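Observations on the three-dimensional arrangement
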Amino acid sequence: MLMMPVSTLDIDTVQAFLLVAELQGFTRAAEALGTTQAAVSMKLQRLESVVGRRLVERSPRTVALTAEGAAFLPHARALIEAHDRALSGDKPTRPQLSLGISDHAAGPELVPLLERLHAVSSQLALSVTIGFSRQILDAYDAGEFDAVVVRQEGSRRGGEKLAEDGFGWFAAKSLAWRRGETLPLAMLAPPCGIRALAVRALDKAGIAWSESFVGGGVTAVAAAALAGLAVAPLAHRIAPPGLVDIGPAEGLPRLASSKVMLHSKVGDPTKLAALRTLAATFRSVAAAR
């Protein structure tokens, strides 16, 4: 009796499809996989050939799932999760990826970053700590984190650049302040590097300032600015809607830009793949803002 050949799904091609879907592009997916855009495209073509459906619509500027691709997506995720569980066997605990992220670097990227890390690395347990860049780096140097996303500190070298942020003096339209008066500031407490950057710029320009609000996190600082209490030095990327940069109009000094860097000392392939996804996600979301 003649047996018909049975098509099977290849884990690598399904993983590539998931990354293209999550990162919305072949370039970012290739970066996360540590390969080329052409290689990812070939994987997708093989997968589409096996399932007999077009899963992704390609254009020079955008990548989107077809209706068949959107329908296939939950099945792809379930397959990868089952594959990861099969590999881990009866191990009592999942391997943990410990991340330290600077509060001034996290911004709106944090939610999609965690979503996509979970989607493509469900076998990993994530441990995430938010704090000051300097303290996060000190803890990283002491071996407390696998990787950190921080603002570049001083003369420290190495690391991988994820973004470069421009800063401004953000305030609500309701702020009751006029040029020439003491500038009320909302900032993080020391040793925040952005606080030091803002204070140096104001002192150099000879502009009087007062500390009107000290927040334990960037969310609190932004809330104080939104409430009209003070002006907050923030990256344009993380400033919430409702705040405007009053610096140019009010003659406030220009703030230097700051690089967001990834430092890691990961050798485990699973953790390394997760970090490639992290870097690609951060760049993708930051570039869209």
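Residues numbered from 1 in each chain as written. Predicted model: local features only at pLDDT ≥ 70, side-chain atom pairs only at ≥ 80, totals over all residues. Heavy atoms only, no water.

**Some details on the overall build of the protein**
Check the secondary structure of the protein and you find 11 helices and 12 strands. A burial count over the protein gives 47% of its 289 residues as buried. Within the protein, contacts between residues at least 6 apart in sequence are counted, and of these 74% link residues at least 24 apart. Total accessible area on the protein is roughly 14700 Å²; 53% of this is exposed by carbon and sulfur atoms. (Helix = DSSP H or I, 4+ residues; strand = E, 2+ residues; numbered from the N terminus. Buried < 20%, exposed > 50% of the residue type's maximum accessible area, 1.4 Å probe, protein only. Contact = heavy atoms within 4.5 Å. Areas by Shrake-Rupley, 256 points an atom, 1.4 Å probe, with all protein chains shown as cover.)

**Side note on a nonpolar patch on the surface**
Taken together, the side chains of L126, V128 and I130 present a nonpolar region at the surface, about 200 Å² in accessible area. Inspection of the secondary structure assignment puts L126 in strand 4 (residues 125-131). Residue class for L126 comes out partly exposed when judged on its relative accessible area of 35%. (Patch = residues over 30% accessible without salt bridge, like charges linked within 9 Å, V, L, I, M, F, W, Y side chains within 5 Å. Salt bridge = Lys/Arg side-chain N within 4 Å of Asp/Glu carboxyl O.)

**Description of the sheet that holds strand 4**
Taken in spatial order, the 5 strands make up an open sheet running 4-3-5-12-6, and their pairing is mixed. Because the sheet does not close on itself, it has two edges, and the strands there are strand 4 and strand 6 (160-165). Averaged over all neighbouring strand pairs, the angle between strand axes comes to 15°, with direction disregarded. Contacts from helix 7 (residues 133-141) reach strand 3 (96-102), strand 4, strand 5 (147-151) and strand 12 (258-264) within the one sheet, and its direction differs from that of strand 5 by about 155°. (Pairing = 2+ DSSP bridges. Axes fitted to C-alpha atoms, helices over the stretch in contact; angles between N-to-C directions.)

**A short note on unusual backbone geometry**
Note the cis peptide between P190 and P191, where omega equals 10°. Residue position: P191 is located in the loop between strand 8 (183-188) and helix 8 (193-205).

**Here's the deal with the sheet that holds strand 10 (residues 232-235)**
Across the sheet, 3 strands lie side by side as 10-7-11; this open sheet has antiparallel pairing. In this open sheet, the two strands that pair with only one neighbour each are strand 10 and strand 11 (244-245). Pairing between strand 7 (residues 167-171) and strand 11: 2 bridges, direction antiparallel. Across the sheet, A171 pairs through a bridge with V244, a residue of strand 11. Seen against the sheet, helix 9 (residues 218-226) touches strand 7 and strand 10 and runs at an angle of roughly 125° to strand 10.

**Focus: the pattern of salt bridges**
Overall, the coordinates contain 9 salt bridges when judged by the stated rule. The shortest N-O distance in the salt bridge between K161 and E164 comes to 3.1 Å. In this structure K161 comes out as partly exposed when scored by relative accessible area, which is 40%. Linking E211 and R195 is a salt bridge whose minimum nitrogen-to-oxygen distance equals 2.4 Å. One end of the pair, E211, is in strand 9 (residues 209-215); the other, R195, is in helix 8, and 16 residues separate them in sequence. Residue R195 is classed as buried on the basis of its relative accessible area, which comes to 14%. Here the salt bridges share partners, and the residues they tie into one network are R151, D165 and R237.

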